[in-house]
Each structure stands twice: as structure tokens, then as C-alpha cells.
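What follows is each chain in one-letter form.
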Amino acid sequence: MNKEDILERSREENRNGDEFEKAKKETALNNSYFVAAFCLFSLAITCYLGITTGNIIILSKQFNLADILWSIFFLTSAVEYSTKFVYLKQKKHLFLALFWICSLVICLISIARS
């Protein structure tokens, strides 16, 4: 192989981006998700402990802020582990997804009753 063939092959392999760049982007996305989930979880905990209180009005109906925050947290966790199960096919992700889905359903039932 000559130099031109090697360069052409390298360009073809890196057409969709360098693997190192893809890994950095994935790490950045994971870090941003972790920070957002941590903030949401922290705010939900402060609501649970009574440090923060409030209501949210959706379609002229009031909902407790803590209930909404917990449901969003449970939903994001359920989506995360469901997606991991679909792509990685690991049973631990299936069990975690089912746990978060059950938690979300319980939270939604609690919201509906209030």
C-alpha cells in the first residue's frame, strides 16, 4: 500500500468521527445527566424534609412540588435503565428499569389520589 491508500483508508474509518472524540462527548453527556439528576434528587429530598415547599399548577389543578419532582426523577431513571437494557441486554438493567417503573407508577397513583 502506498501513502495515498493509507490516508484514504484512514479518512474512511474516521468519517463518523474519531473514537476518542466520541468517548469524550459521551462522558460529557453522562456527566451532565448526573449533575441534572443530582440537582433534581437534592431538590426532591429538600421537599420531602420540608425545607422547600410549593405547588405546581398544571391545567388548573394543583400538585405538590415534591410529587412532581419525584415523578420526574423516577421517569428519567426508568428511561435510562430501559435504554441500557435494550442496548446492552443485561438483566441487572432490566431489574433496575422495572424498579424505577414501579416507583413511577406508585408516585403517579399518589399524585392522582391527591
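Per chain, the residues get numbers from 1 upward, laid out in the order the sequence is written. Selection of residues for local features in this predicted model requires a pLDDT of at least 70, selection of side-chain atom pairs for listing and counting requires 80 or more, and totals for whole chains, interfaces and linings are taken over all residues. For side-chain calculations, the full set of non-hydrogen atoms in the structure is used, while hydrogens and water are omitted.

Topic: a nonpolar patch on the surface
Step number 1: Here a patch means residues that are over 30% exposed by relative accessible area and free of salt bridges, tied together within 9 Å if like-charged and within 5 Å if nonpolar (Val, Leu, Ile, Met, Phe, Trp, Tyr). Note on areas: these come from Shrake-Rupley sampling with a 1.4 Å probe, and a residue is covered only by the protein chains present in the view. Within this document, salt bridges are pairs made up of a side-chain nitrogen of Lys or Arg and a carboxyl oxygen of Asp or Glu, the two lying within 4 Å of each other. A surface patch of nonpolar side chains, about 450 Å² in accessible area, is lined by F95, L98, I101, V105 and I109.
Step number 2: Tracing the backbone shows F95 in helix α4 (residues 91–113). For helices the rule is a DSSP run of H or I covering at least 4 residues; for strands it is a run of E covering at least 2, with both sets numbered from the N terminus onward.

Considering the nonpolar core
Step number 1: The nonpolar core is taken to be a set of buried Ala, Val, Leu, Ile, Met, Phe, Trp, Tyr and Cys residues, with the residues joined through side-chain atoms within 4.5 Å. The buried label applies to any residue whose accessible area, calculated with a 1.4 Å probe on protein chains only, is under 20% of its type's maximum; exposed applies above 50%, and partly exposed to all values in between. Counting residues in each nonpolar core, the largest one holds 19 residues, and the members touching the most others are L69, W70, F73, F74 and W100.
Step number 2: Elements with a minimum of two residues in this core: α2 (19–48), α3 (65–88) and α4.
Step number 3: No other element matches the nine residues that α3 contributes to this core.
Step number 4: In what follows, a contact means two residues having at least one pair of non-hydrogen atoms within 4.5 Å. Those residues in contact with L69 that sit more than four places away from it in its chain are L40, L43, A44 and C47.

Description of the pairing of strand β2 (residues 61–64)
Step number 1: Only strands that DSSP links by at least two bridges are regarded as paired with each other. Two elements, strand β1 (residues 55–58) and β2, share four bridges in a ladder whose sense is antiparallel. Looking at β2, one finds that I56 is bridged to F63.
Step number 2: Turn length for the β1-β2 hairpin, with the two strands adjacent in sequence and antiparallel, is two residues, and the turn residue L59 shows positive phi of about 50 degrees.

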